[in-house]
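Report on the structure
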Amino acid sequence: MKQRTLKNTIEMESIGLHTGEKMQVTIHPAYPDTGICFRRSDTESEYTRVSPYTVTSTQLATTIQCGNQTISTIEHLMAALYGLGVDNAKIDVRGPEVPVFDGSATAFVNAILDAGIVEQAKARKFIKFKKRIRLEKDGKWIEIIPSRFFKVTFDIEFENESIGQQKGYFNVTPESFSKELAPARTFGFKNEVEQLWQMGLAKGGGLDTAVVIDGKDVLNPEGLRFNDEFVRHKMLDLVGDISLLGYPIFGHIRAYKSGHNLNNLFARTLIESANFYSIIELPDIDPALINNLELKPQGMS
Ligand SMILES: [Zn+2]
């Protein structure tokens, strides 16, 4: 299999979740082995290749350091690139955060599909986990076990009755990612959003950019996109956060109540567990993998 990049440059604009101001993002094709790189185009900063170690904050969103600036809310765009199998791209963000759109990854998925994806001259490298790696913190946990595919299982338990207990399981392929995970929106509680507004945060947070919950009610007039939209969004975030490893993954990740902070600690732990994985290349035609790509989405809930 070959590495892949975009066929055409993408330009997009929407408000930022934190500032509430218009933010522009431009995604350029990039040479093989570039990885995913970001820069702040409103400053003179150089491109920084993302890795778990570029993450400086996981408060409300995943934020990376780019030169002496930061870029926030990268996770939904990262998830879309990973989910669709884009290995190389250079991303210009004009301002302190990636625009939020509707709080899901659908706008990014549609833009990437419109721009097109092309194969490049170099082989794609995968990270294949051979043994279980587990991390626990504050009653939450996350682990990876060996698998021939990339699978994610996620459990959440909220006292709030709109959310409650939800369990998700997907074999993550470009098809299942686009249809089952990408449309799931970020969510927040009305009282917490109001608190954040008072603190001058989450100025772009609202019914157009998130699912907002008040007790047993979902305040968005259009309702939910899936009955289990909440756990699906947690899985979308996990795919985005774990994609900072920089390789497509062979392994089954299982998570219980994880979030951006534990996801990032886990990504660092994975990289540092060199005896537990190998970096592999696949032959150009691998029937098993092609079958995998054509698998139907496997949502259980
Ligand atoms: Zn999210």
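Since the model is a prediction, treat every value here as computed from it, not as a measurement.

Quick notes on the rules
Residues numbered from 1 in each chain as written. Predicted model: local features only at pLDDT ≥ 70, side-chain atom pairs only at ≥ 80, totals over all residues. Heavy atoms only, no water. Core = buried A, V, L, I, M, F, W, Y, C linked by side-chain atoms within 4.5 Å. Buried < 20%, exposed > 50% of the residue type's maximum accessible area, 1.4 Å probe, protein only. Helix = DSSP H or I, 4+ residues; strand = E, 2+ residues; numbered from the N terminus. Axes fitted to C-alpha atoms, helices over the stretch in contact; angles between N-to-C directions. Parallel < 35°, antiparallel > 145°, perpendicular 65-115°, else oblique. Left-handed = near helix turned anticlockwise from the far one by under 90°. Contact = heavy atoms within 4.5 Å. Nonpolar A, V, L, I, M, F, W, Y, C, P; charged D, E, K, R; others polar. UniProt positions renumbered as here; feature names shortened; annotations may be inferred. Polar contact = N/O pair within 3.5 Å; in protein donor to acceptor, adjacent residues only side chain to side chain.

Before going further, it helps to examine the nonpolar core. Among the nonpolar cores identified, the biggest contains 69 residues, and Phe 38 and Ile 242 are the most heavily contacted of them. For this core, the element with the most residues is helix 5 (residues 229-242), which contributes seven residues.

Moving on: the packing of helix 3 (residues 174-181) against helix 5. Two numbers describe how helix 3 lies on helix 5: the axes approach to 10 Å, and their chain directions differ by 135°. If you check the angle between helix 3 and helix 5, you find them oblique. As for how helix 3 packs across helix 5, the hand of that crossing is left-handed. Only Arg 232, Met 235, Leu 236 and Val 239 of helix 5 make contact with helix 3, whose side of the interface consists of Phe 177, Glu 180 and Leu 181. Residues belonging to the contact of helix 3 with helix 5 are distributed by class as follows: five nonpolar, no polar and two charged.

On the UniProt side, "active site" (unreviewed entry) is annotated at positions that read His 260 here. With respect to the helices, strands and loops of the structure, His 260 is situated in helix 6 (residues 260-272). Other than its neighbours up to four places away in sequence, His 260 contacts Thr 58, Leu 60, Ala 61, Thr 62, Glu 75, Asp 237 and Asp 241. In this structure the side chain of His 260 is engaged in a polar contact, spanning 3.2 Å, whose partner is the side chain of Thr 62.

Here the focus is the UniProt feature "binding site: Zn(2+)" (unreviewed entry) in the protein chain. Mapped onto this numbering, the UniProt entry annotates "binding site: Zn(2+)" (unreviewed entry) at His 76, His 233 and Asp 237. For this annotated set, covering 162 residues, all C-alpha atoms fall within 9.5 Å of each other, a compact arrangement in space. Here His 76 shows up in helix 1 (residues 75-83). By relative accessible area, which is 5% here, His 76 ends up buried. In contact with His 76, not counting residues within four places along its chain, are Gly 103, Ser 104, Ala 105, Phe 108, Thr 186, His 233, Leu 236 and Asp 237. Leave out the neighbours within four places in its chain, and His 233 touches His 76, Gly 103, Ala 184, Arg 185, Thr 186 and Phe 187. Among the polar contacts listed, one links the side chain of His 233 to the side chain of His 76, at a separation of 3.2 Å.

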